Structures are given as C-alpha cells and as structure tokens.
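Given next are the chains, with one letter for each unit.
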Amino acid sequence: QVQLVESGGGLVQAGGSLRLSCAASRSIFGINAMGWYRQAPGKERELVARISSAGNTYYADSVKGRFSISRDNAKNTLYLQMTSLKPEDTAMYYCAAGIRVGTSSLVVDSWGRGTQVTVSS
C-alpha cells in the first residue's frame, strides 16, 4: 500500500479550471494503475479517470474531452487537470492506487482522503 494525499480542490465558477494533485508516500513507478474517483452527496463513488504504468488512460464519458489525467513518476505525483467545469462536477475527489482491470476498472488497494471540488453556476 501507499499513502496518498490530495490537494488542489476548491470553489470555481462554471467554465473554470482546476488541477488536482495527489502526492504519494513512496515511488509510484511500480504501481500498476492510479486513478481519480469522485463522490457527490447521495451518489455512489465513480471512477472518473485512470492511468496505467504504461500511460494508457481511461475517462468516464461525463468528463471525456474536459479532464486529463497524468502521472509524474519522478515526483511521485498523480494529477487531474479539469477544464470547462460544470456544476455537476461538484464532488469529493479521491486519488486511488491499485491494479487495472479491463478497460475501465481499477481494483483499489490505497485511497486518499479526498479534496472537495465545488463548481458554482
């Protein structure tokens, strides 16, 4: 397992941008896959984006074309660049590390505590 700490959340107007960061407690070079999940009040946690150790990415349809996931192995950090934000993007965003499964799943063995993103209309 690895300890993960998210940062970069906040309040932004619709159409704005934010970049989330996830700092890991150790090297992420050998981690099979990492991802960003989000959970809005009253809703289930959903996988927003995933990136493999080889750099292959997956995006949920709701964020495709607006969000971009990347990882910097030298800095042990995962990023989520979010643009053209919408009020429906409002949620707690969680960083996760684990194993890629199929084309759109992640078996998670480490979670961060989350960072809140609020998009006002």
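Described below are features of the structure shown in this document.

Conventions and cut-offs
- Residues numbered from 1 in each chain as written.
- Predicted model: local features only at pLDDT ≥ 70, side-chain atom pairs only at ≥ 80, totals over all residues.
- Heavy atoms only, no water.
- Phe/Tyr/Trp six-rings, centres within 6.5 Å; stacked < 30°, edge-to-face > 60°.
- Helix = DSSP H or I, 4+ residues; strand = E, 2+ residues; numbered from the N terminus.
- Buried < 20%, exposed > 50% of the residue type's maximum accessible area, 1.4 Å probe, protein only.
- Lys NZ or Arg CZ within 6 Å of the ring centre and 35° of its normal.
- Contact = heavy atoms within 4.5 Å.

1. Looking at the packing of aromatic side chains
For step 1, the next point in the chain: The final tally for this structure, using the stated rule, is 2 aromatic pairs.
For step 2, the next point in the chain: The interplanar angle of 90 degrees and the centroid separation of 6.4 Å between the aromatic rings of Y94 and W111 together place this pair among those described as edge-to-face. A residue pair is termed long-range when its members are at least 10 positions apart, and Y94 in strand β9 (residues 91-101) and W111 in strand β10 (residues 105-111) qualify at 17 residues.
For step 3, the next point in the chain: Taking the relative accessible area as the measure of exposure, Y94 reaches 13% and is therefore buried.
For step 4, the next point in the chain: Following the ring pairs from residue to residue traces out a cluster consisting of Y37, Y94 and W111.
For step 5, the next point in the chain: The positively charged end of R45 is found above the aromatic ring belonging to Y94, 3.8 Å away from the centroid.
For step 6, the next point in the chain: Between the NZ or CZ atom of R45 and the centre of the ring of W111, over which it lies, the distance is 4.5 Å.

2. Details of the environment of A96
For step 1, the next point in the chain: Residue placement: A96 occurs in strand β9.
For step 2, the next point in the chain: For A96, a relative accessible area of 0% translates into the label buried.
For step 3, the next point in the chain: Beyond its immediate stretch of four places on either side in the chain, A96 contacts L4, A33, M34, G35, Y37, L106, V108, S110 and W111.

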